[in-house]
Amino acid sequence: MNTQEHESAPDRLGEYLIGKKIGAGGMGSVYLATNVHTDQQVAIKVLPGALAREPGFVERFHREIEALKKMHNPYVIEFYDSGVENEIYYYVMEYIEGETLTKRIRREKRIDWKTTVDISIQICSALKAAHDAGIIHRDLKPSNLILKDDNTVKLADFGVAQLFASEKLTVTGGIIGTAEYMSPEQAEGKRVTKQSDLYALGAVMYVMLTGKPPFSGKTMLAIIQKQKYGQFDRPGRYVDDLPIWLEEIVCQLLEKDPEKRFPDAYVLSRRLQEVLNKHELSNSDETYALSGSGAAAVTPTVVQSASEQEAGEGTLMQGLMRAQLESESTGSRLAQLFDNTYFLLGVLAVLIAGGYFWFQERQLSPQEMFDQAKQILQQPGNPEWYTARDKYLLPLLEADPLGWETLVKPELSRINTYELRSKAGMTAKRRSRTGPQNEPQRFISLAQHYLEEGDVSQAETILSALVDVLYQNTDQKEMRDLAIQMLNDLQNNSPINAQRFVMLTQSMSNADTLLEQKKFEEAAAAWKALIVLYDKDQDQAVKDIILNAKNNLKNLPKLIQAEKNATATKKANSSDE
């Protein structure tokens, strides 16, 4: 049972009168308070007494205070004061009248794309201030974003923030962060960077636009598995009027590889502002062209960057429309040509064909080749995947194996798995039409089901057994090859699978809870069990957790002795009274 639930704040802390409780989290409760000297309303965060007796939690509480002190930005909750009174740690911050982004989304279901961009630009400003101060938020999510009535944003809760320059704090609560908004590297327990916060912002933008996060599931394990390996639906599937430029930004933020995201929050904010500018410009161009007024209206010229190829056909038609308006106003022979529908269609066909052949003939750079392959592979498995392999990925690997092996090999593995599934009659299309045809297909389908549910261990068990059963069975060679390929994919892509990692971190969290409750023997038993099970594991993430368990066991006698001394002192004081 959480001790925090049974503790209430005092009537007064320092110069602040404590009022109603307005929030709670893993690092304490937040109360509305009033400064007795100025009558200013503030928010005051209190670390529960049970946690205050643990050095790790006090350190994290002070870390949050230090983070807020470094923040000077209109979109970050402002820090006022902090102190300790009667062993109660607290700090005082700005009180904002408004609602969390979570409540706004629940009420409105979705937020229009222009408001989403406006809110996101403000969040970028807040993140830039944090990152410039050497702080990663680590838990950016809708419930940590407060919206005022005028849509001004305030970023709150730096309780799990981490300073770049500091040593890593002990992870006492398992995975730190919220699964739906957690970057793949954070879900794996790897080092987080400012790109991890940008991933979380991409997930927040996605939920604002579509009403749901990019990945969801029944369990934390299932969500983490999807964050690491899943493919989300592009937001344009749910939002009809979403500009392609904004969709591309969201998708880039949600890249699995941190290096493929934006370099920092400032660059992202500029790109978001460009979306508004491009939209306004495109609308004004259309209005201006249709009005037929002004010298610019008769010039069929629109500036277009290479990144705007998607809008090319629309821009071309806009230019032709302007030219036709010019011809109608001059009555020249050119007017007769532009009044001919077949002529216009012919011009359009020539331009499109010319652009196509120019693109085909132009030598693509290695990065463009890889991007083309990735674009094809974003679609569900289909024969075009072979084009991605033969035309782009294999030539990249042959030309520069050292430079491209890390990126290309996983994609080739996906294509190989698809090819084996096709040969074995196990593609999604064929399964939906006919269902599993035989026992090996049924077990492959069952393993796939467990993978989608996040139960990697069960999937590995089924696939390994299937490989053994089909040994030297020439009639089922495709099925055996497919099972082997799926096993290889699991082993290559998951050096520490999500189920094992979640079990480890949750077990550590349970042990910490037992420690808080002064159940020393039970906590020690939990740490010893983890050491027995995983002490020989070579994965670095597992090693770190086991080292933490060993250190806890080593320090446990000191904690027990300190508790005995405290109890003895308390008894002595009672007897003196």
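Keep in mind it's a predicted model, so treat the numbers as computed, not measured.

**Brief notes about the overall build of the chain**
Each helix and strand counted, the chain has 22 helices and 11 strands in total. Put simply, 61% of the contacts in the chain that link residues at least 6 apart link residues at least 24 apart. A total accessible area of about 31000 Å² is found for the chain, and carbon and sulfur atoms account for 51% of it.

**A closer look at the packing of helix H13 (residues 366–377) against helix H14 (residues 384–399)**
Two numbers describe how H13 lies on H14: the axes approach to 9 Å, and their chain directions differ by 160°. Viewed along their axes, H13 and H14 adopt a mutual orientation that is roughly antiparallel. Relative to H14, H13 is oriented so that their crossing is left-handed. Judged by residue contacts, Pro366, Met369, Phe370, Gln372, Ala373, Ile376 and Leu377 of H13 engage Glu384, Trp385, Ala388, Lys391, Tyr392, Leu393, Pro395 and Leu396 from H14. Across the contact of H13 with H14, the residue classes break down as 12 nonpolar, one polar and two charged.

**Some points on the side chain of glutamine 227**
Here glutamine 227 is to be found in helix H7 (residues 220–229). Within polar-contact distance, the side chain of glutamine 227 engages the side chain of tyrosine 199 at 2.5 Å.

**Regarding the pattern of salt bridges**
A complete count under the given rule lists 16 salt bridges for this structure. Residue lysine 409 pairs with glutamate 405 through a salt bridge whose shortest N-O separation is 3.1 Å. Pair noted here: lysine 409 and glutamate 405 are both in helix H15 (residues 401–423), with a separation of four residues, about one helical turn. Among the residues examined, glutamate 405 registers a relative accessible area of 37% and is labelled partly exposed.

**Here's the deal with the pairing of strand S4 (residues 41–47)**
S4 sits mainly inside the fold: six of its seven residues count as buried. For strand S3 (residues 28–35) and S4, the ladder comprises six bridges, and the chain directions are antiparallel. Bridge pairing links serine 29 to valine 46 in S4. Linking two consecutive strands that pair antiparallel, namely S3 and S4, is a turn of five residues; a positive phi of about 65° is found at aspartate 39 within it. Taken together, the six bridges between S4 and strand S6 (residues 88–94) define a ladder with antiparallel strand orientation. Its bridge partner being in S6, lysine 45 is matched across the sheet by tyrosine 91.

**As for the packing of aromatic side chains**
Counted according to the given criterion, the structure contains four aromatic pairs. Seen from their ring centres, tyrosine 206 and phenylalanine 232 are 5.9 Å apart, and the 80° between their planes marks the pair as edge-to-face. Residue tyrosine 206 is found in helix H6 (residues 194–210), and its partner phenylalanine 232 is found in the loop between H7 and helix H8 (244–253); the two are separated by 26 residues along the sequence. No difference in accessibility class separates tyrosine 206 from phenylalanine 232, as the two residues are buried. Judged by centre distance (6.1 Å) and plane angle (75°), the rings of phenylalanine 215 and phenylalanine 232 are edge-to-face. In this pair, phenylalanine 215 sits in the loop between H6 and H7 while phenylalanine 232 sits in the loop between H7 and H8, placing the two residues 17 residues apart along the sequence. There is no split in this pair, since phenylalanine 215 and phenylalanine 232 are both buried.

**A short note on the environment of methionine 205**
Tracing the backbone shows methionine 205 in helix H6. Using a relative accessible area of 0% as the deciding quantity, one classes methionine 205 as buried. Between the C-alpha atoms of methionine 205 and leucine 246, which are 41 residues apart in sequence, the distance is 9.9 Å. Apart from the residues within four sequence positions on either side, methionine 205 is in contact with Thr116, Ser120, Leu246, Val250, Leu253 and Leu272.

**Digging into the sheet that holds strand S9 (residues 145–147)**
Taken together, three strands build an open sheet; the order of strands is S7-S9-S10 and the sheet is antiparallel. Two strands lie at the open edges of the sheet, namely strand S7 (99–100) and strand S10 (153–155), each paired on one side alone. For S9 and S10, the ladder comprises three bridges, and the chain directions are antiparallel. Paired with leucine 147 across the strands is valine 153, a residue of S10. Packing of helix H4 (residues 113–132) onto the sheet brings it into contact with S9 and S10, and relative to S10 it is tilted by some 35°.

**Focus: the nonpolar core**
Side chains of nonpolar character tend, in soluble globular proteins, to be buried together. Membership of the largest hydrophobic core comes to 49 residues, with the highest contact counts inside it found for Leu140, Leu246 and Leu268. Residue contributions to this core peak at 11 residues, all from H6.

**Notes on the packing of H6 against H8**
It is the contact of H6 with H8, at a shortest axis distance of 8 Å, that shows an interaxial angle of 135°. The orientation of H6 relative to H8 falls into the category oblique. You can see that H6 and H8 cross each other, and the crossing is left-handed. Along the contact surface, H6 presents Leu198, Tyr199, Gly202, Met205, Tyr206 and Leu209, while H8 presents Leu246, Val250 and Leu253. When grouped by side-chain class, the residues that make up the contact of H6 with H8 number eight nonpolar, one polar and no charged.

**Let's talk about the confidence of the model for the chain**
When the pLDDT values of the chain are averaged, the result is 75; 71% of them are 70 or greater. When the criterion is pLDDT under 50, residues 1–6 qualifies, and its contacts beyond four places in sequence or with other chains add up to nine contacts. In this model residues 428–434 is a low-confidence stretch, pLDDT under 50, and it forms six contacts with partners more than four residues away in sequence or in other chains.

**Comments concerning H7**
With seven of 10 residues buried, H7 lies mostly within the body of the structure. Taken together, the buried positions of H7 are Leu221, Ala222, Ile223, Ile224, Gln225, Gln227 and Lys228.

Conventions used here
Residues numbered from 1 in each chain as written. Predicted model: local features only at pLDDT ≥ 70, side-chain atom pairs only at ≥ 80, totals over all residues. Heavy atoms only, no water. Helix = DSSP H or I, 4+ residues; strand = E, 2+ residues; numbered from the N terminus. Contact = heavy atoms within 4.5 Å. Areas by Shrake-Rupley, 256 points an atom, 1.4 Å probe, with all protein chains shown as cover. Axes fitted to C-alpha atoms, helices over the stretch in contact; angles between N-to-C directions. Parallel < 35°, antiparallel > 145°, perpendicular 65-115°, else oblique. Left-handed = near helix turned anticlockwise from the far one by under 90°. Nonpolar A, V, L, I, M, F, W, Y, C, P; charged D, E, K, R; others polar. Polar contact = N/O pair within 3.5 Å; in protein donor to acceptor, adjacent residues only side chain to side chain. Salt bridge = Lys/Arg side-chain N within 4 Å of Asp/Glu carboxyl O. Buried < 20%, exposed > 50% of the residue type's maximum accessible area, 1.4 Å probe, protein only. Pairing = 2+ DSSP bridges. Phe/Tyr/Trp six-rings, centres within 6.5 Å; stacked < 30°, edge-to-face > 60°. Core = buried A, V, L, I, M, F, W, Y, C linked by side-chain atoms within 4.5 Å. pLDDT = per-residue confidence, 0-100.

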